[in-house]
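For reference, the chains in residue letters:
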Amino acid sequence: MSSYLFVMYGRLLAFLLAGYLFFDRAFAYLHLPGSPVFIAEMVLGVGVLAAVMSTRYLKVPIRDEPIFALLLAFAVWGLIRTLPGVGTYGLDAVRDAALWYYCLFTFFAAAALARSPELLDRMIDGLNRLTPWLLLWLPLAIVLIPLAPSVPKVPFSDVSVLSHKVGSATIAALLALGGLWLLPWTRSHRSRAWWSVLALVAIALAATQNRGGLLGALAGGAVGLAFLHNRLALAARFVLIIAIGLGLASLLSLSVPVAGLQGRDYSASQLIANIASLGGQDSPGNLGGTVEGREQLWTRILAKQRADHHLVDGSGFGQNLAAEVGVLDEGKDTLRSPHNSHLHIMARLGLVGIGLWIALWAGWYWRLVAGCRRLAREGSHVRRQVAVLSMMVTTTVLVSCFFDPQLEGAQVAALLWTAFGIGVAVTTVRPWFPGTTDAPAQSEQRR
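Residues numbered from 1 in each chain as written. Predicted model: local features only at pLDDT ≥ 70, side-chain atom pairs only at ≥ 80, totals over all residues. Heavy atoms only, no water.

## A closer look at the overall build of the chain
Alright, step 1. Broken down by element type, the chain carries 19 helices and two strands.
Alright, step 2. Each of the 447 residues in the chain was classed as buried or not, and the buried ones make up 54%.
Alright, step 3. Partitioning the intrachain contacts of the chain with sequence separation of at least 6 by distance along the chain shows that 77% fall at a separation of at least 24.
Alright, step 4. In the structure as shown, the chain presents an accessible area of about 19,700 Å², 67% of it carried by carbon and sulfur atoms. (Helix = DSSP H or I, 4+ residues; strand = E, 2+ residues; numbered from the N terminus. Buried < 20%, exposed > 50% of the residue type's maximum accessible area, 1.4 Å probe, protein only. Contact = heavy atoms within 4.5 Å. Areas by Shrake-Rupley, 256 points an atom, 1.4 Å probe, with all protein chains shown as cover.)

## Side note on the packing of helix H4 (residues 66-89) against helix H18 (residues 410-427)
Alright, step 1. Across the interface, H4 lies against H18 with an axial gap of 10 Å and an inter-helix angle of 155 degrees. As summarised for this structure, H4 and H18 are arranged roughly antiparallel, according to the angle between their axes. Where H4 crosses over H18, the two elements pack in a sense that is left-handed. Across the interface between the two elements, Ile67, Phe68 and Leu71 from H4 touch Trp417, Phe420 and Val424 from H18.
Alright, step 2. Residue composition of the contact of H4 with H18, by class: six nonpolar, no polar and no charged. (Axes fitted to C-alpha atoms, helices over the stretch in contact; angles between N-to-C directions. Parallel < 35°, antiparallel > 145°, perpendicular 65-115°, else oblique. Left-handed = near helix turned anticlockwise from the far one by under 90°. Nonpolar A, V, L, I, M, F, W, Y, C, P; charged D, E, K, R; others polar.)

## Points about the packing of aromatic side chains
Alright, step 1. Within this structure, the stated rule accounts for 19 aromatic pairs.
Alright, step 2. Arranged with centres 6.1 Å apart and planes meeting at 90 degrees, the rings of Trp100 and Tyr101 form a pair that is edge-to-face. The two residues Trp100 and Tyr101 agree in class, both being buried.
Alright, step 3. Where Trp364 meets Tyr365, the ring centres are 5.1 Å apart and the plane angle is 85 degrees; that geometry is what we call edge-to-face. (Phe/Tyr/Trp six-rings, centres within 6.5 Å; stacked < 30°, edge-to-face > 60°.)

## Re the pattern of salt bridges
Alright, step 1. Summed over the entire model, instances satisfying the criterion amount to six salt bridges.
Alright, step 2. The partner of Arg63 in a salt bridge is Asp64, with the nearest N and O atoms 2.9 Å apart.
Alright, step 3. Note on Arg63: relative accessible area 61%, which makes it exposed.
Alright, step 4. Classification of Asp64 as buried rests on a relative accessible area of 11%.
Alright, step 5. With a closest N to O distance of 3.3 Å, Arg374 and Glu378 form a salt bridge. In this pair, Arg374 and Glu378 are both assigned in helix H16 (residues 341-378), four residues apart and thus about one turn of the helix distant. (Salt bridge = Lys/Arg side-chain N within 4 Å of Asp/Glu carboxyl O.)

## Concerning a nonpolar patch on the surface
Alright, step 1. Residues Leu79, Leu83, Val86, Leu91 and Val94 make up a contiguous nonpolar surface patch of about 450 Å² in total accessible area.
Alright, step 2. Listing elements by their share of the nonpolar patch, those giving two or more residues are H4 and helix H5 (91-96).
Alright, step 3. The biggest single contributor to the nonpolar patch is H4, with three residues.
Alright, step 4. Turning to its location among the elements, Leu79 is positioned in helix H4. (Patch = residues over 30% accessible without salt bridge, like charges linked within 9 Å, V, L, I, M, F, W, Y side chains within 5 Å.)

## Structural notes on the environment of Ala207
Alright, step 1. Structurally, Ala207 is set in helix H10 (residues 189-207).
Alright, step 2. Owing to a relative accessible area of 1%, Ala207 belongs among the buried residues under this scheme.
Alright, step 3. In this structure the C-alpha to C-alpha distance between Ala207 and Thr170, which are 37 residues apart in sequence, comes to 8.0 Å.

## Some thoughts on helix H1 (residues 4-23)
Alright, step 1. Between its terminal C-alpha atoms H1 stretches 29 Å, which fits the 28 Å expected from 20 residues at 1.5 Å a residue.
Alright, step 2. Just past H1, the residue Asp24 takes up positive phi, approximately 55 degrees. (Expected span 1.5 Å × (residues − 1).)

## A word on the environment of Val312
Alright, step 1. Locating Val312 in the fold gives a position in the loop between helix H14 (287-307) and helix H15 (321-324).
Alright, step 2. Taking the C-alpha atoms as reference, Val312 lies 8.9 Å from Met346; in sequence the two are 34 residues apart.
Alright, step 3. Among all residues touching Val312, those that are not within four sequence positions of it are Leu349, Gly350, Leu351 and Val352.

## Focus: the nonpolar core
Alright, step 1. Residues Leu16, Tyr102, Phe105, Trp417 and Phe420 are the most contacted members of the largest nonpolar core, which totals 118 residues.
Alright, step 2. Each residue touching Trp417, except ones within four places of it in the same chain, is listed here: Leu71, Tyr102, Cys103, Phe105, Thr106, Trp357, Leu360 and Trp361.
Alright, step 3. In this structure, Leu297, Ile301, Leu321 and Ala322 belong to the second largest nonpolar core, which totals six residues. (Core = buried A, V, L, I, M, F, W, Y, C linked by side-chain atoms within 4.5 Å.)

## A look at the packing of H1 against H18
Alright, step 1. At their nearest, the axes of H1 and H18 sit 9 Å apart, and the two run at 130 degrees to each other. On the basis of the axis angle, H1 is oblique to H18. Where H1 crosses over H18, the handedness of that crossing is left-handed. Counting all contacts with H1, which are made through Leu13, Leu16, Leu17, Tyr20 and Leu21, the residues of H18 involved are Ala410, Gln411, Ala414, Leu415 and Thr418.
Alright, step 2. Taken together, the residues of the contact of H1 with H18 sort by class into eight nonpolar, two polar and no charged.

## Concerning H18
Alright, step 1. End to end, H18 covers 25 Å across 18 residues, agreeing with the expected 26 Å (1.5 Å per residue, within 8%).
Alright, step 2. The buried count for H18 comes to 18 of 18 residues, which makes it a mostly enclosed element.

## Let's talk about the environment of Ile145
Alright, step 1. Here Ile145 is to be found in the loop between helix H8 (118-144) and helix H9 (166-182).
Alright, step 2. You can call Ile145 buried: its relative accessible area is 9%.
Alright, step 3. For Ile145 and Leu162, which are 17 residues apart along the polypeptide, the C-alpha to C-alpha distance reads 5.9 Å.

Take a look at the structure:
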């Protein structure tokens, strides 16, 4: 009976991810008077309890999958570098440690699927049901982001009900787009085409405000196309739709009559300017200034790390890195990192941490690409497509977090680490538990 906790965790995880996809930060807390409670940490608490009560479902995947051992090494190093800061900085050190401890989502997702493989089918069905609603909501959510300061707050908090980050919206749209074409059995080709147009509109609107999200979506989309049999024809259609849409919008000077973030309009001209700036051309408005500011922040933090002789082991957790290098005034706590999750790992965990980080993802992609080839030979179509979708999501996140500290918040980190765990689970060659690994095969027959 205690193993049922992992089933409960899987269901709570699906609910958590759906809430983040739709509402982002507004869904992050249970806003109680004077004491916000993080929903992600509550779900992780259920996972911890399940692991304590049914340890074998966690031990067997870790034992059988070398990539989990590498992830465990990364987490242990994060813990080692966090503990000294707890005594000095208290909860700030714990909060900053989210950069590594959200990887628990990976271990618990794998354990939940080991206990109950049919959870994968439920997640797939849930994504298919939510996709139309998500694609109807995302363009509106993106356009309404600049109005966040003037609309009501979530009760007992300073968080706006429209606090959807542009980068998070891009990831959600790419996930929906990938699901439409990789898991297509519930919709006709025409239906998928129309919903795909709406997904592209959401990505284009987000790209007018955030170039990191645009690069992430392009990279994630390229990964998905690489594994589709009709990739050239599908890519040509997408390029044609985008070209026609941008051409018409430019000729008609179409724009959304709402002021965008930092003076950037929701318009075709702004999107074209953002795309042009990716190639190194002079950036209009504040685009160039944004890049300069981030480069200065990154450079100062790494220079201080070298000066403090913490290049190898990292600066640890708890201190405000941006304030320490004079980018922010003391006491201002809105930015605590290099505004780049990869460099944040380098700053907090040093060369040891970034080395483990690079090895971890290199090993994971190697594992999944090889797994996709094997699953294709075996005819395990659904599992292969889920693995490809996992790679699309992780690629989008890993690229976009070069420009935005997304891994420090559960809204994106929970999705990334869950995709990591699901990717390993669907490509495993070892029966984690006799009698449970037939579920994916059964799903192949139902589809």
